[in-house]
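Descriptive structure summary
Here is what each chain is made of, one letter per residue.
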Amino acid sequence: MIAIKTRDEMPRILVTGAAGEIGRSLRKLLPAIYPDLLISDINKPADLGSGEKFKAADLADLAQVEAICEGVDGILHFGGYSVEGSWDQIHQANIIGCYNLFEAAYRQGVKRVIFASSNHAVGFYPRHHRIGTDVTARPDSRYGVSKVFGEAMGALYADKYGMKVTCIRIGNFGEVPLDHRRLSIWLKPEDLAQLCRIGLEHPDIHFEVLYGASYNERAWWDNHRAYDLGYRPTGRGEDFREHAFAEQAKLKPDPVADFYQGGAFCSMEFDGDRSRIVDWSKR
Ligand code: 15L
């Protein structure tokens with residue numbers, strides 16, 4: 001892979017959301033690749049290591065976000081609210097926070113941003129509909145709406161301001177797929193690290209949306225662009241099929257959650273008319 005062009009030889013990479021599940025995992029995987037790693041979160045992570053460089057920042061405060069972007073070459077933006085929340089929670093962390101992140105990065109001359117988008121940006125596609133990254137947004141939650149917003153911010157800062165932006169629509173990140181749905185969307189930590197490297201280093205990046213999924217035989221997503229950019233996932237969801245089915249057996253059937261890609265994010269607060277939700281695969 002061709003190395004990122006840096007201010008000096010070693011790129012400084014900022015990881016936001018360092019105390020979250022993905023942040024904690026990337027803090028173990030990335031230092032071997034990017035020794036000059038700066039990590040940030042609103043509060044100092046309880047497990048902060050003595051060798052880790054940490055700066056606190058509230059994403060809702062532009063000046064604080066600008067301060068952590070200073071001298072940085074690339075950002076892995078995993079900060080913000082990671083599940084459905086009240087409008088105020090989502091608005092502060094994922095709408096204002098995401099705007100601040102891109103704007104601060106631009107002001108500080110950061111060349112590349114990797115934005116943690118989510119499958120919930122397109123959660124209301126039925127599971128039988130295989131989708132690419134070019135489909136109309138069908139968010140399943142306020143959280144999903146914030147991810148659509150983040151992808152739009154990425155497109156704006158790429159097209160208008162020349163930033164190199166990669167949005168990763170993450171499926172379900174973890175060591176194993178947790179249930180039947182997650183067999184289709186599972187993302188092994190090492191595979192996420194690979195996608196982050198593509199976003200930070202690949203010479204052809206301008207604006208990309210990639211699915212954050214390992215090699216899952218039951219995938220609902222056409223992720224060929226990631227493969228074209230060199231992605232070679234090492235995780236295979238089917239290796240954990242028995243575990244996933246055993247866990248699924250413990251769950252109550254839910255006709256809305258079980259039909260749509262976004263699962264329980266679709267059924268929570270659901271007061272719609274399923275017969276009116278267009279099934280684009282049948283048009
Ligand atoms: C997400 O975007 C969430 O951050 C994570 O907590 C899971 O709910 C995941 O999606 C999922 O869809 O399983």
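Everything in this summary refers to the structure shown in the same document. (Residues numbered from 1 in each chain as written. Predicted model: local features only at pLDDT ≥ 70, side-chain atom pairs only at ≥ 80, totals over all residues. Heavy atoms only, no water.)

Section: the pattern of salt bridges
- By the definition in use, this model includes 19 salt bridges.
- Note that E201 is salt-bridged to R197, the shortest N-O span being 3.1 Å. Separated by four residues within a single helix, E201 and R197 lie in helix α6 (residues 189–201), roughly one turn from each other.
- With relative accessibility at 5%, the residue E201 sits in the buried group.
- Across the pair R218 and E238 runs a salt bridge, and its minimum N-O distance is 2.5 Å. Here R218, found in the loop between β9 (207–212) and α7 (224–228), pairs with E238, found in the loop between α7 and α8 (241–248); they are 20 residues apart in sequence, far enough to count as distant. (Salt bridge = Lys/Arg side-chain N within 4 Å of Asp/Glu carboxyl O. Helix = DSSP H or I, 4+ residues; strand = E, 2+ residues; numbered from the N terminus. Buried < 20%, exposed > 50% of the residue type's maximum accessible area, 1.4 Å probe, protein only.)

Some thoughts on the site of the ligand
- Taken together, the residues surrounding the ligand are S82, V83, S118, N119, H120, Y143, G171, N172, R181, R182 and F265.
- Here an oxygen atom of the ligand and a side-chain polar atom of S118 are 2.8 Å apart.
- N119 places a side-chain nitrogen or oxygen 3.1 Å from an oxygen atom of the ligand.
- Against a free-state accessible area of 320 Å², the protein chains account for coverage of 80% of the ligand.
- Of the residues contributing to the shell around the ligand, the split by class is three nonpolar, six polar and two charged. (Near = heavy atom within 4 Å. Polar contact = N/O pair within 3.5 Å; in protein donor to acceptor, adjacent residues only side chain to side chain. Areas by Shrake-Rupley, 256 points an atom, 1.4 Å probe, with all protein chains shown as cover. Nonpolar A, V, L, I, M, F, W, Y, C, P; charged D, E, K, R; others polar.)

Focus on the side chain of R27
- Within the fold, R27 resides in helix α1 (residues 21–29).
- Take R27: its relative accessible area is 8%, and that puts it in the buried class.
- For R27, the side chain forms a polar contact with the side chain of E52, separated by 2.8 Å.
- Beyond its immediate stretch of four places on either side in the chain, R27 contacts A18, A19, I39, P45, D47, L48, G49 and E52. (Contact = heavy atoms within 4.5 Å.)

With respect to the packing of helix α2 (residues 62–69) against helix α3 (residues 87–107)
- Look at α2 against α3: their axes get within 8 Å of each other, and the N-to-C directions meet at 50 degrees. Judged on the interaxial angle alone, α3 and α2 are oblique. The element α2 and its partner α3 pack so that their crossing is right-handed. Contact with α2, carried on its side by L62, V65, E66 and C69, involves N100, L101, E103, A104, A105 and R107 of α3 and no other residues of that element. (Axes fitted to C-alpha atoms, helices over the stretch in contact; angles between N-to-C directions. Parallel < 35°, antiparallel > 145°, perpendicular 65-115°, else oblique. Left-handed = near helix turned anticlockwise from the far one by under 90°.)

Some details on empty space enclosed by the protein
- Enumeration according to the criterion identifies one cavity of 30 Å³ or more in this entry.
- Taken together, H77, G79, A93, N94, C98, F115, S146 and K147 make up the full set of residues lining the largest cavity.
- Going through the elements one at a time, α3 and α4 (142–159) are the ones with two or more residues in the lining of the largest cavity.
- With three residues, α3 is the largest single contributor of residues to the lining of the largest cavity.
- For the lining of the largest cavity, the residue count by class is three nonpolar, four polar and one charged. (1 Å grid on protein atoms, 1.4 Å probe; cavity = no way out; pocket = protein on both sides within 12 Å on 5 of 7 lines; lining within 4 Å. Points joined across faces, edges and corners; volume = space filled by probe spheres on them.)

Focus: the packing of aromatic side chains
- What the rule picks out here adds up to 13 aromatic pairs.
- Here F124 and Y260 contribute two aromatic rings whose centre-to-centre distance is 5.1 Å and whose plane-to-plane angle is 70 degrees, an arrangement assigned as edge-to-face. Of the two residues, F124 is situated in the loop between β5 (112–118) and α4 and Y260 in the loop between α8 and α9 (264–267); the sequence distance between them amounts to 136 residues.
- Residues W220 and W221 carry aromatic rings whose centres are separated by 6.4 Å and whose planes lie at 80 degrees to one another, so their mutual orientation is edge-to-face. (Phe/Tyr/Trp six-rings, centres within 6.5 Å; stacked < 30°, edge-to-face > 60°.)

A closer look at the pairing of strand β6 (residues 164–170)
- Of all seven residues in β6, six are buried, a share of seventy percent or more.
- Two strands pair when backbone bridges link them, and β5 and β6 are joined in this way by seven bridges, in the parallel orientation. Paired with S117 across the two strands is R169, which belongs to β6.
- Once the chain exits β5 it traverses α4 before rejoining the sheet at β6, and the crossover so formed is right-handed. (Pairing = 2+ DSSP bridges. Right-handed = clockwise from strand over helix to strand, strands pointing away.)

A few points about the environment of A67
- Position of A67 among the secondary structure elements: in helix α2.
- For the pair A67 and I13, spaced 54 residues apart in sequence, the C-alpha to C-alpha distance is 14 Å.

Focus on the environment of E190
- Relative to the assigned elements, E190 resides in helix α6.
- Distance from E190 to L30, taken between C-alpha atoms, is 9.6 Å for residues 160 residues apart in sequence.

Focus on the packing of α1 against α6
- Relative orientation of the contacting elements α1 and α6 amounts to 75 degrees, with a least axis distance of 10 Å. Considering their axes alone, α1 and α6 lie roughly perpendicular with respect to each other. Here I22, S25, L26 and L29 of α1 come into contact with α6, specifically with P189, E190, L192, A193 and C196.
- Each residue belonging to the contact of α1 with α6 can be placed in one class, and the counts come to seven nonpolar, one polar and one charged.

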